[in-house]
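Understanding the architecture of this molecule
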2 protein chains.
Amino acid sequence: MMAETRDRLLAAGRKAFAEKGFSGASMDDLTAEVGLTRGALYHHFGDKKGLLAAVVAQLDGEMAARAMQAGESAGTGWAALEAQGAAYIEAALDPEVQRIVLLDGPAVLGDPSQWPSQNACLEETRNALIALSAQGLLKSVDIEAAARLLNGAALNAALWIAASDDPPATLPRAQEAFKVLASGFMVR
Amino acid sequence: MMAETRDRLLAAGRKAFAEKGFSGASMDDLTAEVGLTRGALYHHFGDKKGLLAAVVAQLDGEMAARAMQAGESAGTGWAALEAQGAAYIEAALDPEVQRIVLLDGPAVLGDPSQWPSQNACLEETRNALIALSAQGLLKSVDIEAAARLLNGAALNAALWIAASDDPPATLPRAQEAFKVLASGFMVR
DNA sequence: GGATTGACATACGCTGCGTATGTCTATTAT
DNA sequence: ATAATAGACATACGCAGCGTATGTCAATCC
């Protein structure tokens, strides 16, 4: 019963934050939509930010799962990183992800790498780079820095795509450029 | 007289937004600090978002000026882009820039490329890439996409650096990695 | 010299958050 | 079995903060 209430609030929060943004979402409306009051919300999540953090963690997990799957099915080596980046860009095209994880999340909760959810996507990128390094396919660069830059590039690409006139047409442009850019880390 | 009032409000907004974030900044407090009331603010900027937009435009202009100067003094060719990127990363280390332009700005005003201030830094990067392309030093990539990715990488690097334990030590790691990454766009 | 516009201040209402308090149910202890 | 306690919510309250409507005063235009 209690876990179900939490889930309902989480789902309502996800919807409201995606549609109206963090500051635009009313906790009164949000809770009423699932037949509850603010009392339940503050009991489970502490405050408005707490709910956002929970929603972000959920979305982050889903994104990482997709990226990991994409990386695995692309086999090993350099193709895995490229596939992962492409998947990340695609995931970030989701309006929910965009608004909640990429825009409001950092503004309200601070730098993503400090989140308890520990930015699972960044972790994925790091792992891929480590694997490449072990295979001798990577230039000698700072892994952490490289992962950061790649992630940032992909993230910004997604923002660009979503705001563009024709997202479906922009997507491949970004993904192609990402591959070329990432090749900067490749041994020649 | 009137321009001076506007400037005072702008300065107060810049300070308040930097220190307390957008939602944390009170328009009452902010205006009182320069001996005015909210009436003046709404007269000059329309609403709270209007003030933020004006502050962002100001900061954006300053950043672009610094990046351009760095690019010019680095001479021509590939070094210019690298210097520009490094300057961008450094500029983004400023807490004011960080909080206002990189965090709250996108969350409140939406994608930076849609801002009236037209993200001057992105423009700089684009120009540098065009110059490189004309010199035949650039792989055949989508210029717009490339500029986006480079900018995103630099931006995220800045966020990482600022949140790190030892920013001064992290800075060179990021800048070095940026150079390596950017070389992905270089003809071999 | 009256009318109009611009540059602010003042007053008001409403939304919305967080907290304090109340109620009911389900355990746990005795 | 019942008393006590803790958990899961709802209700009630206070307060900050935004936007708007209205008022005032000076400058300018006709």
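With that settled, the discussion passes to the overall build of chain A. The secondary structure content of chain A amounts to nine helices and zero strands. When the elements of chain A are put in sequence order from the N terminus, they spell out α-α-α-α-α-α-α-α-α. Seen through its C-alpha atoms, chain A measures out along the principal axes to roughly 60 × 35 × 30 Å. When burial is assessed residue by residue, chain A has 52% of its 188 residues classed as buried. Contacts in chain A between residues at least 24 apart in sequence constitute 70% of all its contacts with a sequence separation of at least 6. Accessible surface, chain A: about 8000 Å² in total, of which carbon and sulfur atoms supply 54%. Side chains of chain A carry 16 positive and 23 negative charges; the gap between the two charge centres is 3 Å.

All names here are of chain A. Taken domain by domain, chain A holds domain 1 (1-46) and domain 2 (58-185). Residue-level contacts link six residues of domain 1 with eight residues of domain 2. Buried area between domain 1 and domain 2, both sides added, is near 690 Å², and the carbon and sulfur share of it is 59%. Of all residues in domain 1, Arg14, Ala18 and Phe22 bury the most surface against domain 2, accounting for 73% of the area lost on that side. Across the contact surface, domain 1 and domain 2 share two salt bridges. Between domain 1 and domain 2 we count four residue pairs in polar contact (both at pLDDT 80 or more) in total. Residues that form the side of domain 1 that touches domain 2 fall into these classes: four nonpolar, one polar and one charged.

The next thing to look at is the interface of chain A and chain B. In this assembly, 36 residues from chain A lie in contact with 36 residues from chain B. Across the chain A to chain B interface the summed buried area is about 2900 Å²; carbon plus sulfur atoms make up 67%. It is Leu149, Trp160 and Leu181 of chain A that lose the most area in chain A upon contact with chain B, and together they represent 21% of the buried surface on that side. On the surface where chain A and chain B come into contact, there are two salt bridges. With its nearest N and O atoms 2.4 Å apart, the salt bridge here joins Asp142 of chain A to Arg173 of chain B. Counting the contacts that link chain A with chain B gives six residue pairs in polar contact (both at pLDDT 80 or more).

For the rest of this paragraph, the subject is the packing of aromatic side chains. The description of an aromatic ring pair uses the distance of the two centres, along with the angle that the planes make with each other. Residue and element names in this part refer to chain A. Tallied over the entire structure, the rule returns two aromatic pairs over all chains. Residues Phe17 and Phe22 carry aromatic rings whose centres are separated by 5.5 Å and whose planes lie at 35° to one another, so their mutual orientation is tilted. Exposure class is identical for Phe17 and Phe22. Each is buried. Here the guanidinium or amino end of Lys48 rests over the ring plane of Phe22, the centre of that ring lying 4.7 Å away.

Turning our eyes to something else, we now look at the packing of helix H6 (residues 95-109) of chain A against helix H8 (residues 143-163) of chain A. All names here are of chain A. Remark: H6 packs on H8, axes separated minimally by 11 Å, with the N-to-C direction vectors making an angle of 135°. The angle between H6 and H8 falls in the class oblique. Handedness of the crossing formed by H6 with H8: left-handed. Residues Gln98, Leu102 and Leu103 of H6 touch H8, and the partners they reach there are Leu155, Ala158, Leu159 and Ala162. Residue composition of the contact of H6 with H8, grouped by class: six nonpolar, one polar and no charged.

With an RMSD of 0.1 Å, the operation that places chain A on chain B is a rotation of 180° combined with a shift of 0.0 Å along the axis. Viewed as a symmetry operation, the transformation between the two copies matches a two-fold axis. For chain A, the minimum C-alpha distance to the rotation axis belongs to Gly184 of chain A and amounts to 1.6 Å. Taken as a fraction of all interface residues of chain A, those also at the interface in chain B reach 100%, which identifies the copy contact as same-surface.

About the criteria used
Residues numbered from 1 in each chain as written. Chains lettered and ligands numbered in written order. Predicted model: local features only at pLDDT ≥ 70, side-chain atom pairs only at ≥ 80, totals over all residues. Heavy atoms only, no water. Helix = DSSP H or I, 4+ residues; strand = E, 2+ residues; numbered from the N terminus. Buried < 20%, exposed > 50% of the residue type's maximum accessible area, 1.4 Å probe, protein only. Contact = heavy atoms within 4.5 Å. Areas by Shrake-Rupley, 256 points an atom, 1.4 Å probe, with all protein chains shown as cover. Lys, Arg positive; Asp, Glu negative; His and termini not counted. Charge placed at Lys NZ, Arg CZ, Asp CG, Glu CD. Domains from an automatic or database assignment. Buried area = accessible area lost by both parts, 1.4 Å probe. Salt bridge = Lys/Arg side-chain N within 4 Å of Asp/Glu carboxyl O. Polar contact = N/O pair within 3.5 Å; in protein donor to acceptor, adjacent residues only side chain to side chain. Nonpolar A, V, L, I, M, F, W, Y, C, P; charged D, E, K, R; others polar. Phe/Tyr/Trp six-rings, centres within 6.5 Å; stacked < 30°, edge-to-face > 60°. Lys NZ or Arg CZ within 6 Å of the ring centre and 35° of its normal. Axes fitted to C-alpha atoms, helices over the stretch in contact; angles between N-to-C directions. Parallel < 35°, antiparallel > 145°, perpendicular 65-115°, else oblique. Left-handed = near helix turned anticlockwise from the far one by under 90°. Least-squares fit on C-alpha atoms with pLDDT ≥ 70 in both.

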